[in-house]
Amino acid sequence: MGENAVILYRKTEKTMSNPTGTFICKLDSKGRLMLPADFREQLGGQTEEDFVLRPGLHGTYLELYTIGDWNRRRDVLMQVNTFDRRKLDIMRKYLDGVRRVKLDASGRLQIPKDLLERGALSKDVVIDSMFTNMEIWDKTRYDERVNAISADELAQGVEDLFSSLTFNL
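Attention here is on the structure that accompanies the text. Note that the structure is predicted; figures quoted are calculated from it, not measured.

Scoring rules and cut-offs
Residues numbered from 1 in each chain as written. Predicted model: local features only at pLDDT ≥ 70, side-chain atom pairs only at ≥ 80, totals over all residues. Heavy atoms only, no water. Helix = DSSP H or I, 4+ residues; strand = E, 2+ residues; numbered from the N terminus. Buried < 20%, exposed > 50% of the residue type's maximum accessible area, 1.4 Å probe, protein only. Contact = heavy atoms within 4.5 Å. Areas by Shrake-Rupley, 256 points an atom, 1.4 Å probe, with all protein chains shown as cover. Phe/Tyr/Trp six-rings, centres within 6.5 Å; stacked < 30°, edge-to-face > 60°. Lys NZ or Arg CZ within 6 Å of the ring centre and 35° of its normal. Pairing = 2+ DSSP bridges. Axes fitted to C-alpha atoms, helices over the stretch in contact; angles between N-to-C directions. Polar contact = N/O pair within 3.5 Å; in protein donor to acceptor, adjacent residues only side chain to side chain.

### Digging into the overall build of the protein chain
For step 1, the next point in the chain: Helices and strands together make up the secondary structure of the protein chain, namely six helices and 10 strands.
For step 2, the next point in the chain: Across the 169 residues in the protein chain, those meeting the buried criterion constitute 34%.
For step 3, the next point in the chain: Contacts in the protein chain between residues at least 24 apart in sequence constitute 62% of all its contacts with a sequence separation of at least 6.
For step 4, the next point in the chain: When the accessible surface of the protein chain is summed, it comes to about 11200 Å², and 53% of that surface belongs to carbon and sulfur atoms.

Right, dumping it as structure tokens:
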């Protein structure tokens, strides 16, 4: 974005498809993740639809997408020139491990065994809601990643990210 970029925020009935917050959950012995009631409530009717899971792009965690968010990402990826071998190989690697999943009647998300392993998930899990997707982390790894940034580094990073933006709320 340019130095004088402007971010416009228009209040709509539904401004984003992911819940807001960080949620601590438990994974049962069968790989089912019980999603907290507040998390499900924020998702609303999306809990009836499919979700998409994939290995984390920037570490050992899983990315969770609502089907709507995944389809928007898919639409962008469909524009990649598949005659370019390198781009096709990158896309193939990016899509490796992708799974469609659903919540069961009890509000649990069944995580496939291979993704449990790739995400190194144990019993205590954190779901962190980002703006474009949600992340599922082993709680110990999540705490390590979050605590690796000091309060001063966070303040500087936020300043670097947002100092040139104007928010018209």
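There is more to say, and it comes next.
### Let's talk about the packing of aromatic side chains
For step 1, the next point in the chain: Applying the stated criterion to the full structure yields three aromatic pairs.
For step 2, the next point in the chain: Seen in terms of ring centroids, tyrosine 61 and tryptophan 137 are 4.5 Å apart; in terms of plane orientation they differ by 15 degrees. Their pairing is stacked. Remark: tryptophan 137 occurs in strand 9 (residues 134-138) and tyrosine 61 occurs in the loop between strand 4 (51-55) and strand 5 (62-66); sequence separation between them is 76 residues. Accessibility assignment for this pair places tyrosine 61 and tryptophan 137 in one class, buried.
For step 3, the next point in the chain: Taken together, a centroid distance of 5.1 Å and an interplanar angle of 65 degrees make the contact between tyrosine 65 and tryptophan 70 edge-to-face. Tryptophan 70 carries the same exposure label as tyrosine 65, and that label is buried.
For step 4, the next point in the chain: Each residue in the set Tyr61, Trp137 and Tyr142 is aromatic and connected to the rest through ring pairs, giving one cluster.
For step 5, the next point in the chain: The ring of tyrosine 94 has arginine 54 sitting right over it, with the charged end atom 3.9 Å from the ring centre.

### Comments concerning the sheet that holds strand 5
For step 1, the next point in the chain: One open sheet holds the six strands; their spatial order is 2-8-9-5-4-6, and the pairing between them is antiparallel. For this open sheet the edge positions go to strand 2 (22-26) and strand 6 (99-101), each flanked by a neighbour on one side alone. Going across the sheet, the axis of each strand differs from the next one's by a mean of 30 degrees, ignoring polarity.
For step 2, the next point in the chain: Across five bridges, the pairing between strand 8 (residues 124-129) and strand 9 is antiparallel. Within strand 9, the residue paired with isoleucine 127 across the bridge is isoleucine 136.

### Some remarks on the side chain of aspartate 50
For step 1, the next point in the chain: With respect to the element layout, aspartate 50 can be found in the loop between helix 1 (37-43) and strand 4.
For step 2, the next point in the chain: There is a polar contact of 2.9 Å between the side chain of aspartate 50 and the side chain of arginine 100.
For step 3, the next point in the chain: Ignoring anything within four residues of it in the chain, the contact list for aspartate 50 reads Thr66, Ile67, Arg100, Val101 and Lys102.

### Some points on the side chain of arginine 54
For step 1, the next point in the chain: For arginine 54, the position within the fold is in strand 4.
For step 2, the next point in the chain: A distance of 2.7 Å separates a polar atom in the side chain of arginine 54 from the backbone oxygen of tyrosine 94.
For step 3, the next point in the chain: Dropping the residues within four chain positions of it, arginine 54 is found in contact with Leu62, Glu63, Tyr65, Trp70, Tyr94, Gly97 and Val98.

### Concerning the pairing of strand 8
For step 1, the next point in the chain: When you tally the buried positions in strand 8, you get five out of six residues, the bulk of the element.
For step 2, the next point in the chain: For strand 2 and strand 8, the ladder comprises five bridges, and the chain directions are antiparallel. Its bridge partner being in strand 8, isoleucine 24 is matched across the sheet by valine 126.
For step 3, the next point in the chain: Hairpin connection from strand 8 to strand 9: four residues lie between these consecutive antiparallel strands.

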